Amino acid sequence: MSVFRKIFGIKSKPGSYSYRLERAKELHGQPVKYVTEQRNGNEDVIGRGGALTVKDDTFIIDSSGDRLFVCNIAELDTSMLMSGDGVIIKGPNLLENGRFRAITVHFVYYRK
């Protein structure tokens, strides 16, 4: 975000590439407590530990020693949980030939 935008409080439009890139960069390096996905009406834990990463033009979720999710930032949709301790990430997973996934990532809590 440029200095001009910060001074005058101008933000990117939701849904635009710059907005998605900005949100992805905010999540970059965030430590993960656990990752869940809704399957057949149940919330299943699919990974523990790991981190969120932005590399080139892709967003990556690594957890439990595996790469769970890779998505182009242009197609990524993120929304923070109301508690602020996690994020819901939606988009086509490039590891599974573009199958759409909605994954909830819960962050490690650090007292500030």
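Our subject is the structure that appears above.
The structure presented is a predicted model; accordingly, all values stated were derived computationally and were not measured.

1. Some thoughts on the sheet that holds strand S5 (residues 66-72)
Part 1 of the argument: Here 3 strands make up an open sheet; going across it, the order is S3-S4-S5 and the pairing antiparallel. At either margin of the open sheet sits one strand with a lone partner, and together these are strand S3 (51-55) and S5. Across the sheet, the mean angle separating the axes of adjacent strands is 20° when strand polarity is ignored.
Part 2 of the argument: By the bridge criterion, 6 bridges tie strand S4 (residues 58-63) to S5 in an arrangement that is antiparallel. Paired with Phe59 across the strands is Cys71, a residue of S5.

2. Some thoughts on the pattern of salt bridges
Part 1 of the argument: Taken as a whole and assessed by the stated rule, the structure comprises 5 salt bridges.
Part 2 of the argument: Residue Arg67 pairs with Asp62 through a salt bridge whose shortest N-O separation is 2.9 Å.
Part 3 of the argument: Judged by relative accessible area, Arg67 falls into the partly exposed class, the value being 47%.
Part 4 of the argument: As a salt-bridge pair, Glu96 and Arg101 come within 3.2 Å of each other at their nearest N and O atoms.
Part 5 of the argument: When its relative accessible area of 5% is taken as the criterion, Arg101 is described as buried.
Part 6 of the argument: Beyond isolated ion pairs, a larger network of salt bridges with shared partners links Glu37, Arg39, Glu96, Arg99 and Arg101.

Here is what the cut-offs are and how they apply
- Counting restarts for each chain, with residues numbered from 1 along the sequence as it is written.
- Since the coordinates come from a predicted model, pLDDT governs what is reported: local features require at least 70, and pairs of side-chain atoms require 80 or more to be given and counted, while whole-chain, interface and lining totals use all residues.
- Values shown for side chains rest on all heavy atoms present in the structure; no hydrogens or waters enter the calculation.
- For two strands to be treated as a pair, DSSP must find no fewer than two bridges joining them.
- Numbering of helices and strands runs from the N terminus, with a helix taken as a DSSP run of H or I at least four residues long and a strand as a DSSP run of E at least two residues long.
- For helices, the axis comes from a line fit to the C-alpha atoms of the stretch in contact; other axes are also lines fit to C-alpha atoms, and the angle between any two N-to-C directions lies between 0 and 180 degrees.
- Salt bridge, as used here: a side-chain nitrogen of Lys or Arg that lies within 4 Å of a carboxyl oxygen of Asp or Glu.
- Partly exposed residues are those whose accessible area sits between 20% and 50% of the maximum for their type, while under 20% is buried and over 50% is exposed, using a 1.4 Å probe and protein chains only.

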